[in-house]
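Below, each chain spelled out in residue letters.
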Amino acid sequence: EIEREPFLDGLSEYAKLLNQLGGNLGSYLDNNIKKLRASKADGNKSGYHEWLMTELHVHSATSYKEYVDDSAWMANLWVGRTLEFFVELFEELHKGQETKAAADAAYQRTLSKHHSFIQRYAFNMGVAQLPVREKMFELLLGSTGSKEALREEMAEFVRLSKLLAIFCLETDKELDQRLKVERKSFLKR
């Protein structure tokens, strides 16, 4: 379990960082953070997972066939997928790949499986605005610190972000299973 508010605050900071790199790529996280913050889940639950579990009732609007688009469950799914992409992107950059090659490889392994043609086009337009690897490292480094320290931080960032992406995607599997169970119960009524 992870604490909900620190996780959402961390995602907001991550989105800001992505927006500073170019391409307005943080907006993909921002849109889902808004859905998470507007959720009708039980706000008294501090754990992210336990909190998500209390949003089942919202999905009665679809007769439990699918997630309501404007829901924490849908947002969690896309946060997981988005984190998965950026983990792969930063891992490729850390290994020495140039930005375009890193983004293409990361996209093929992750989001391309879930995007429609229009989503694919829009996302790739944003990615195309990312700076080359060296410029990106300069932006991440800022005026202080060393490139070696940045590489170490990036490796740790990738490791931790991978765990968070897995957590979100595993939670999604659980939510999807819960939706299916509720759908069967709903149809028997």
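Worth saying up front: this structure is predicted, and the values here are computed from it rather than measured.

> Give me the lowdown on the overall build of the protein chain, citing residues and values where you can.
Counting its secondary structure elements, the protein chain contains eight helices and zero strands. When its helices and strands are written in sequence order, the protein chain yields α-α-α-α-α-α-α-α. Against the globule reference of 16 Å for 189 residues, the protein chain gives a C-alpha radius of gyration of 18 Å, in line with a compact fold. Reported as C-alpha extents along the three principal axes, the dimensions of the protein chain are approximately 60 × 35 × 20 Å.

> Talk me through the packing of aromatic side chains; I want residue IDs and the actual numbers.
The description of an aromatic ring pair rests on the distance of the ring centres and on the angle between the ring planes. Taken as a whole and assessed by the stated rule, the structure comprises 14 aromatic pairs. Taking the centre distance of 6.3 Å and the plane angle of 45° together, the rings of Tyr48 and Phe167 count as tilted. Of this pair, Tyr48 sits in helix H3 (residues 48–53) while Phe167 is found in helix H8 (residues 147–188), placing the two residues 119 residues apart along the sequence. With relative accessibility at 0%, the residue Tyr48 sits in the buried group. A ring pair is formed by Tyr64 and Phe186, whose centres lie 5.7 Å apart and whose planes are at 65°; its orientation type is edge-to-face. Here the residue Tyr64 occupies a position in the loop between H3 and helix H4 (72–94), and Phe186 occupies one in helix H8, the gap between them amounting to 122 residues. Overall, the relative accessible area of 9% leaves Tyr64 in the buried class. Under the relative-accessibility criterion, Phe186 is labelled partly exposed at 28%. An aromatic cluster of at least three residues, connected via ring pairs, comprises Tyr14, Tyr28, Phe85, Phe86, Phe90, Tyr107, Phe123 and Phe157. A cation sits over an aromatic face here: Arg81 above Trp78, 4.6 Å from the ring centre.

Reading the values: the criteria
Residues numbered from 1 in each chain as written. Predicted model: local features only at pLDDT ≥ 70, side-chain atom pairs only at ≥ 80, totals over all residues. Heavy atoms only, no water. Helix = DSSP H or I, 4+ residues; strand = E, 2+ residues; numbered from the N terminus. Rg over C-alpha atoms; globule rule 2.2 N^0.38 Å. Phe/Tyr/Trp six-rings, centres within 6.5 Å; stacked < 30°, edge-to-face > 60°. Buried < 20%, exposed > 50% of the residue type's maximum accessible area, 1.4 Å probe, protein only. Lys NZ or Arg CZ within 6 Å of the ring centre and 35° of its normal.

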